[in-house]
Amino acid sequence: MTDILFPDTRIHVKIYDAEEDVYQVPTSVFPRPMGDGRGSISDTQIKFSYTAKPFSFAIQRSDNSDTIFNTSGSNLIFESQYLRLRTQLPANPNLYGLGEHTDPFRLFTTNYIRTIWNRDAYEIPVGTNLYGAHPIYFEHRANSKTHGVFLLNSDGMDIKINNTAADGQYLEYNTIGGVFDFYFLAGPGPLDVARQYSEVAGQPAMMPYWGLGFHQCKYGYQDVYEVADVVYNYSQAGIPLETMWTDIDYMDGRKVFTLDPQRFPLPKVRELVTHLHDANQHYVVMVDPAVAYQDYPAFNNGVSQDVFLKLANGSIYQGMRAKPYIHSFYRC
């Protein structure tokens, strides 16, 4: 375990196997924040403590000794393909985050499981996980202070929040791999926690100017003519459309890097794109990271360039079936 002190608003606690055989998110993928060299242990807004046997650790505020994270009273499990860690919480806590999902803004506090697993949730059903994974939660307490807890772990996980007579109020991490790599953010306000999290996770790239305008996108356009009608109607209504998008409707049988020759013939698509560009507008088509396992240029070029994921026997991994084809996935 390492306890690394950063600026006075952040503590990093990492629990990992001695051999470091278990997967950790590479720094090339997720650069780690560096300390600024200021401050000392006595100056920190939060402090770390631990008990050796049985092992547990806690994070407390320095000014009022309020415990914001405490793993005592439950067993910590660390296996190569399963991790579990539980922290005690005050009753009926004000918890936010653990996105992306369609649960209420303030998370449920009893009999609640929030799954962190990226998925394309068609029609965005209620109570489900969505496209992104953000294993961070904010907790706002009655003392008007807010803190954040970020677990840097890219494995699938279930985070359970419950209150029982036997265990009291708790939040429990259950992951299928990785390590416990925690960043505790002192706040003390919600905006402070957000800023501190951006120092850890990184700040967003500057958007292109045209990305700030009005964009139109949906799944289900029947053909290029319907797309052109949408563009025309925006103009007629006096709505300044910046960018027109097309979902995977344009593909020939859902094969990536193709156009349907009947519904989206290349000459007509080019005509539409030229019209948009002449009006200083933009056009974006969605591209999925899956290539149909079929005899066509995208697949054949991928085979010749050896870009597809493979099984242990050297054969190309064949992924999910998306009618009417089985897809292969290329290495990023």
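Here the structure is shown first, and the text comes after it.
Residues numbered from 1 in each chain as written. Predicted model: local features only at pLDDT ≥ 70, side-chain atom pairs only at ≥ 80, totals over all residues. Heavy atoms only, no water.

### A look at the packing of helix α2 (residues 224–237) against helix α3 (residues 266–278)
Basically, it comes down to this: To get an axis, a line is fitted to the C-alpha atoms, and for a helix only the part in contact is used. The angle between two axes follows their N-to-C directions and goes from 0 to 180 degrees. We count a stretch as a helix when DSSP gives it H or I for four or more residues in a row; a strand needs E for two or more, and each element gets its number in order from the N terminus. Roughly parallel means an angle under 35 degrees; roughly antiparallel, over 145; roughly perpendicular, 65 to 115; everything else is oblique. Should the near helix be turned anticlockwise from the far one by less than a right angle, the crossing is termed left-handed; should it be turned clockwise, right-handed. Residues are treated as being in contact if the distance between any of their heavy atoms lies within 4.5 Å. Under the convention adopted here, Pro, Cys and the residues Ala, Val, Leu, Ile, Met, Phe, Trp and Tyr are nonpolar, Asp, Glu, Lys and Arg are charged, and Gly plus all remaining residues are polar.
Where α2 meets α3, the closest approach of the two axes is 10 Å, and the angle between their N-to-C directions is 15°. By the angle between their directions, the pair α2 and α3 is classed as roughly parallel. Note that α2 runs across α3; the crossing there is left-handed. The residues of α3 that touch α2, namely those facing V224, Y225, V227, A228 and V231, are K268, V269, L272, H275 and L276. Partitioned by chemical class, the residues of the contact of α2 with α3 number 8 nonpolar, 1 polar and 1 charged.

### Digging into empty space enclosed by the protein
Filter applied, for reference: Any residue with an atom within 4 Å of a point lines the site, the site being either a cavity, points on a 1 Å grid over the protein atoms alone where a 1.4 Å probe fits but cannot get out, or a pocket, an open set with protein on both sides within 12 Å along at least 5 of 7 lines. Grid points are joined across faces, edges and corners, and a volume is the space filled by probe spheres set on the points.
This structure, assessed with the given rule, holds 1 cavity of 30 Å³ or more. Counted as a void, the largest cavity has a volume near 30 Å³. F55, S56, T71, S74, N75, L76 and R86 are the residues that line the largest cavity. Residues of the lining of the largest cavity, tallied by class, amount to 2 nonpolar, 4 polar and 1 charged.

### Regarding the sheet that holds strand β3 (residues 46–51)
Strand pairs in the sheet, formed through backbone hydrogen bonds, run parallel or antiparallel to each other. Filter applied, for reference: Think of it this way: DSSP has to see at least two bridges between two strands before they count as a pair.
Pairing in this open sheet of 3 strands is antiparallel, and the strands run β3-β4-β5 from one edge to the other. Both outer strands of the open sheet, β3 and β5 (67–70), are each paired with one neighbouring strand and no more. The mean inter-strand angle of the sheet, taken between neighbouring strand axes irrespective of direction, is 15°. Looking at chain direction, β3 and strand β4 (residues 56–61) are connected through 6 bridges and run antiparallel. What sits directly across from I46, in β4, is R61.

### A few points about the layout of surface pockets
In this approach, a probe sized like a water molecule rolls over the atoms, and the result shows the empty space that is left. Of the voids in this model, the second largest pocket is the one considered here, and its volume is about 450 Å³. Together, 21 residues line the second largest pocket, and N118, A133, N153, S154 and D155 are the ones closest to its centre. Taken together, the elements giving at least two residues each to the lining of the second largest pocket come down to β10 (129–140), β11 (146–151) and α1 (190–201). Here the lining of the second largest pocket takes 3 residues from β10, the largest share from any one element. Grouping the constituent residues of the lining of the second largest pocket by class yields 14 nonpolar, 6 polar and 1 charged.

### Describing the pattern of salt bridges
Rules: Note on definitions: salt bridges are taken to be side-chain nitrogens of Lys or Arg within 4 Å of carboxyl oxygens of Asp or Glu. Burial classes follow relative accessibility: with a 1.4 Å probe on protein chains only, a residue under 20% of its type's maximum area counts as buried, one over 50% as exposed, and anything between as partly exposed.
Within the structure shown, the criterion is met by 11 salt bridges. As a salt-bridge pair, E199 and R10 come within 3.3 Å of each other at their nearest N and O atoms. Of this pair, E199 sits in helix α1 while R10 is found in strand β2 (residues 10–15), placing the two residues 189 residues apart along the sequence. Note on E199: relative accessible area 45%, which makes it partly exposed. On the accessibility criterion, R10 (2% relative accessible area) is buried. Put simply, R263 and D260 hold a salt bridge, and the shortest N to O gap is 3.3 Å. R263 gets classed as partly exposed once you look at its relative accessible area, which sits at 25%. When its relative accessible area of 11% is taken as the criterion, D260 is described as buried.

### Here we look at the environment of S315
Cut-off, in case you're wondering: We define a polar contact as two N or O atoms separated by no more than 3.5 Å, with the added condition that, inside protein, one atom must be a possible hydrogen donor and the other a possible acceptor, whereas residues neighbouring each other in sequence contribute only through side-chain atom pairs.
Tracing the backbone shows S315 in the loop between α4 (297–305) and β19 (321–322). Expressed as a C-alpha distance, the spacing of S315 and A292, which sit 23 residues apart in the sequence, is 15 Å. Setting aside residues no more than four positions away along its own chain, S315 makes contact with L309 and K310. Here N313 takes part through its side chain, which lies 2.7 Å from a polar atom of the side chain of S315.

### A few points about the nonpolar core
What counts, and what does not: The term nonpolar core refers to a set of buried residues drawn from Ala, Val, Leu, Ile, Met, Phe, Trp, Tyr and Cys, joined through side-chain atoms within 4.5 Å.
F57, I59, F69, Y173, F182 and F184 are the most contacted members of the largest nonpolar core, which has 29 residues in total. The residues touching I59, leaving out its near neighbours within four places in the chain, are I11, V13, I46, K47, F48, D66, T67, I68, F69 and F184. Of all hydrophobic cores here, the second largest spans 25 residues; its members include M244, V256, A298 and F299.

### Topic: the packing of aromatic side chains
We count it as follows: Stacked, edge-to-face and tilted are the three classes for Phe, Tyr and Trp ring pairs, Trp counted by its six-membered ring, which pair at centre distances within 6.5 Å; planes under 30 degrees apart are stacked, over 60 edge-to-face, the rest tilted. Note on geometry: a ring has a charge over it if NZ (lysine) or CZ (arginine) is within 6 Å of the ring centre and within 35 degrees of the ring normal.
Taken as a whole and assessed by the stated rule, the structure comprises 21 aromatic pairs. Ring centres of F180 and F182 lie 6.0 Å apart, and the angle between their planes is 10°; on these two criteria the pair is classed as stacked. Taken together, a centroid distance of 5.6 Å and an interplanar angle of 55° make the contact between F214 and Y234 tilted. Separated by 20 residues along the polypeptide, F214 in strand β15 (residues 214–216) and Y234 in helix α2 bring together distant segments of the chain. Among the aromatic residues, those joined into a cluster by ring pairs are F48, Y50, F55, F57, F69, F78, Y173, F180, F182 and F184. Across from the ring centre of Y170, 3.7 Å away, lies the NZ or CZ of R86, which sits over that ring.

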